[in-house]
Every structure is written in C-alpha cells, then in structure tokens.
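For reference, the chains in residue letters:
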Amino acid sequence: MTVSWRAPGRVNLIGEHTDYNAGFALPFAIEQGCTATVEARHDDVVSVASRQQDGPVEASIGRLQPGSGGWAGYALGVVWSLAESGRELPGLTVEVDSDVPVGSGLSSSAALVCSVATAVDDLLDLGLDADEMLALTRRAENDFVGAPTGGMDQLAALRSVESHVLFCDMRSLTTRAVPFPLDELAVLVVDTRAEHQHAGGEYRRRREGCEEAARRLGVSALRDVAPDDLDAALARLDEDELRRYVRHVVTEDERVLRTVDLLDAGDSRAIGPLLTASHVSMRDDFRITIPQLDVAVDALLDAGALGARMTGGGFGGCVIGLLPTKGMDEAIAAVEAAYDRESFTAPRCFPARPSPGAHRTP
Ligand code: GLA
C-alpha cells in the first residue's frame, strides 16, 4: 500500500525573525508544495528518492546519523526522529516530488519534511496529534539536519487554511486562521533568484544575538519586552547590534498584531504600510536584506503597491508586494526594468494564493 501527502511551501505576510523569540508570525501556504509517497518495506532500510535530485539515498534505520543524507536528510530526519522517540518502524520507501524552488526562502525544506511526516503518520497509523506532528517536523530539521529554524515554516506547512493567513503564537504554538480574501488585491511574489545559501551563519548570529539580549534584559524571550518598555530596554543595552535586533523584534511583533486586527476588521488594504515598515526594519535594524531585495521593494512601491517587504530568513530569496490585482502586470514590468538597470539576474514573478496546509492526495 502506498500513501501520498502534499505539504506546501509558504510566504510570510509579516512577522520575520520573531518565531525564535517566542513572538508572532503571519505566514500562509502557497500553491507550490512537495508530495511524498511512502510505502513500507520488509527490511530496515529507508530509501529516499526525489524527482528533482539524484538518488535514491538509502540508510538503515538503526544507523541513521544526524547531519547525514544531504538533501534527503530532511526525510531521513523524520524517520530518525520517530525512531528516537521509541517507535518501532518498518523500512520505508519514500518518493518526493516538489515544485517549491529551493533556496528561495519559500520553505522548500518544511514542505519536504512535513509531506514525509504526514505521509508516514498516515501509512503507519501513528495517530500523531497536531503538537506531536509539529515537534516531529521541527526535530527533523533542527536536530537531524542541523538547521536552527524557528518553527514558523512547519506550522505554515501543516496548518494553513485556504484563503486565510495563519496567525501563529510561537510561545503557545497555537494558530488561528485569519481570513485574507484576495479578489481586488493580489500578493505578488518576486523571487530575486539570489539564493540565500550563505545565510546560515548570519541567521544563527541573529538568533544568538536575540537570545543574548533577552538574557541581559532578564526576560525569557524578546516577546516579553512590551512596546511601551522598548526605549528603557534599549537604554540598558550597550551594543548597537543588540539594540537594533531588539528594536526589530519588538516592533515587528507589534506590526503583526496590528495586521491581524486590520484583517479581522476586513481592511486588507490598510496593512500595506505595516508591510513596508517591516521591510525598513529588516533593512536598517535587523540588516538581513541585500540590494536585490531592496530594489524589488522600491520598484513595487513606485509601481503602486500598497506595501512590500522581503519574506523569509533574508540575504536573498523573495519579496512580496500587496497590489491592486489590476496593477499586477505593470508592477512585474517595473521590477523587471529595475533589475535590468541594475544588471541583476532577471527575477521570477508569480502571484501567491493562500492555499491549504498538508493534506492527503489521491
Ligand atoms: C526562516 C526560518 C524561520 C523564520 C524565518 C524568519 O525561514 O526557517 O523559522 O525564523 O527564517 O522569520
């Protein structure tokens, strides 16, 4: 018997680098995703093949080593994580097929991990609940692959709801789907095609900086610095770098909450300035943008976007713009012209439609 599940990539509407600070994020699933098809075997081997990669990669379940497997490590990590938690598992044949661009900040890795985890759960009738599924997929990525990501991507891949954004409270790990109807408005994704491949060290540096700042301020996470206390908190930190990190995280949490309030009130158009303010904060305070990202944001705003920002971890990847649907072609042309002027590699532009989270496929 084979079982197939599809899990999506995501864009983040707003709330960047807040997840590992126990704060708030507002991602939504995109149409692009990864489909995992799994089948039990009569030996103890896990074999992972991908339509997009060379392979298969094979390993015996009892001998899985964190850090191994290359691209297949995301799938091996799911099996390792289940075995570590004491489950008896048969060998498994896993086949994956993904149309999420890799290295574009659209969470191709969370799509892969979550499609495999949900398919294995279903095939073996493990009955994992939502919290266990989140913990499993995070362990695969954090502890097996060794990517210190913060959990938002997996939540988006697992729990997103069509036509909604997913309000994530990263302390309680609870989520609420907030309606985000897009008819007169569209979210345009600009994939800068600058891969965020060297971003690992910079991501870790910010994460450790935020943790250090929280320690010095005597809070368990930067989530606990109230906006009204921000100036006092900044005054207690000596280093400019830590002050900038704190200012970004505290103001970004606040922007997420204001965005959610506006969407709850049905006023999608009004969130534009918050998106743009988020970009400015990432550019000037958190310092995770690169020229390709800033040029795309400026071109979108000049072309009539209500708001625009980079999305994801930074140092490459994608920008999103909130636009009147009828202005989409003009905005794409404006970004392409700006990239041409700068001699950047031509961007890839496509609309993002809020899509469902992980689901079984026929
Ligand atoms: C990456 C990580 C996420 C999150 C974002 C920034 O996408 O995987 O956990 O930290 O960066 O918001």
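Trainee: What am I meant to see in unusual backbone geometry here?
Mentor: Leaving glycine aside, a negative phi is the common case for residues, and trans is the common case for peptide bonds. Each neighbour pair has its own omega, and for Gly55 with Pro56 the value is 0 degrees, a cis peptide bond. Following the sequence through the fold, Pro56 ends up in the loop between strand S4 (45-50) and strand S5 (57-60). Positive phi is not limited to glycine here, since His17 has a value of about 60 degrees. Among the structural elements, His17 can be located in the loop between strand S1 (2-12) and strand S2 (24-25). Backbone geometry places Ala22, a non-glycine residue, at a positive phi of 60 degrees. Mapping Ala22 onto the fold places it in the loop between S1 and S2. Residue classification places Ala22 among the buried residues on the basis of a relative accessible area of 12%.

Trainee: Before we go on, may I ask you to explain the sheet that holds strand S3 (residues 27-41) in this structure?
Mentor: Two pairing modes exist for strands in a sheet, parallel and antiparallel, and in both the strands are linked by backbone hydrogen bonds. Spatially, 6 strands are ordered S5-S4-S6-S3-S1-S13 in an open sheet, and the strand pairing comes out mixed. A single partner strand is all that each edge strand has here, and the edge strands are S5 and strand S13 (359-361). Direction aside, neighbouring strands of the sheet carry axes that sit 25 degrees apart on average. Sheet topology note: the S4/S5 ladder contains 4 bridges and is antiparallel. The residue of S5 that forms the bridge with Ser47 is Glu58. Sheet contacts for helix H1 (residues 73-84): S4, S5 and strand S6 (91-98); angle to S4, the most-contacted strand, approximately 150 degrees. Against the sheet, helix H4 (residues 152-159) engages S1 and S3, with an angle of about 125 degrees to S1.

Trainee: I would appreciate a short explanation of the site of the ligand in the present structure.
Mentor: In the neighbourhood of the ligand, 13 residues make up the surrounding shell, with Glu16, His17, Asp19, Asp153 and Tyr203 lying closest. Tyr203 is positioned such that a nitrogen or oxygen atom in its side chain is 2.6 Å from an oxygen atom of the ligand. Taking Gly313, its main chain carries an N or O atom lying 3.5 Å from an oxygen atom of the ligand. The protein chains hide 93% of the 300 Å² of surface that the ligand would expose on its own. Per-class residue counts for the shell around the ligand are 3 nonpolar, 6 polar and 4 charged.

Trainee: Can you help me understand the packing of helix H2 (residues 108-123) against helix H3 (residues 130-145) in this one?
Mentor: To characterise two packed helices, one gives the angle between the axes of the helices and the distance between these axes. Axis separation between H2 and H3 bottoms out at 10 Å; the angle between their running directions is 130 degrees. Regarding the angle of H2 to H3, the classification is oblique. As H2 packs across H3, the resulting crossing turns out to be right-handed. Seen from H2, the contacting residues are Ser109, Ala110, Val113, Cys114, Ala117, Thr118 and Asp121; seen from H3, they are Met133, Leu136, Thr137, Ala140 and Glu141. Looking at side-chain class alone, the contact of H2 with H3 contains 7 nonpolar, 3 polar and 2 charged residues.

Trainee: Where do I start with the domain arrangement of the chain in this structure?
Mentor: Frequently, the measure chosen for interface size is the accessible area that the parts lose on association. Considered domain by domain, the chain is made up of domain 1 (2-179) and domain 2 (185-352). On a C-alpha basis, the centroid separation for the pair domain 1 and domain 2 is 25 Å. Both faces combined, the contact of domain 1 with domain 2 buries some 3,300 Å², and carbon together with sulfur accounts for 61% of it. When the area that domain 1 buries against domain 2 is broken down by residue, the three leading residues are Ile14, His17 and Tyr20, summing to 20%. With a closest N to O distance of 2.8 Å, Asp264 and Arg176 form a salt bridge.

Rules behind the numbers
- Residues numbered from 1 in each chain as written.
- Predicted model: local features only at pLDDT ≥ 70, side-chain atom pairs only at ≥ 80, totals over all residues.
- Heavy atoms only, no water.
- Helix = DSSP H or I, 4+ residues; strand = E, 2+ residues; numbered from the N terminus.
- Buried < 20%, exposed > 50% of the residue type's maximum accessible area, 1.4 Å probe, protein only.
- Pairing = 2+ DSSP bridges.
- Axes fitted to C-alpha atoms, helices over the stretch in contact; angles between N-to-C directions.
- Contact = heavy atoms within 4.5 Å.
- Near = heavy atom within 4 Å.
- Polar contact = N/O pair within 3.5 Å; in protein donor to acceptor, adjacent residues only side chain to side chain.
- Areas by Shrake-Rupley, 256 points an atom, 1.4 Å probe, with all protein chains shown as cover.
- Nonpolar A, V, L, I, M, F, W, Y, C, P; charged D, E, K, R; others polar.
- Parallel < 35°, antiparallel > 145°, perpendicular 65-115°, else oblique.
- Left-handed = near helix turned anticlockwise from the far one by under 90°.
- Domains from an automatic or database assignment.
- Buried area = accessible area lost by both parts, 1.4 Å probe.
- Salt bridge = Lys/Arg side-chain N within 4 Å of Asp/Glu carboxyl O.

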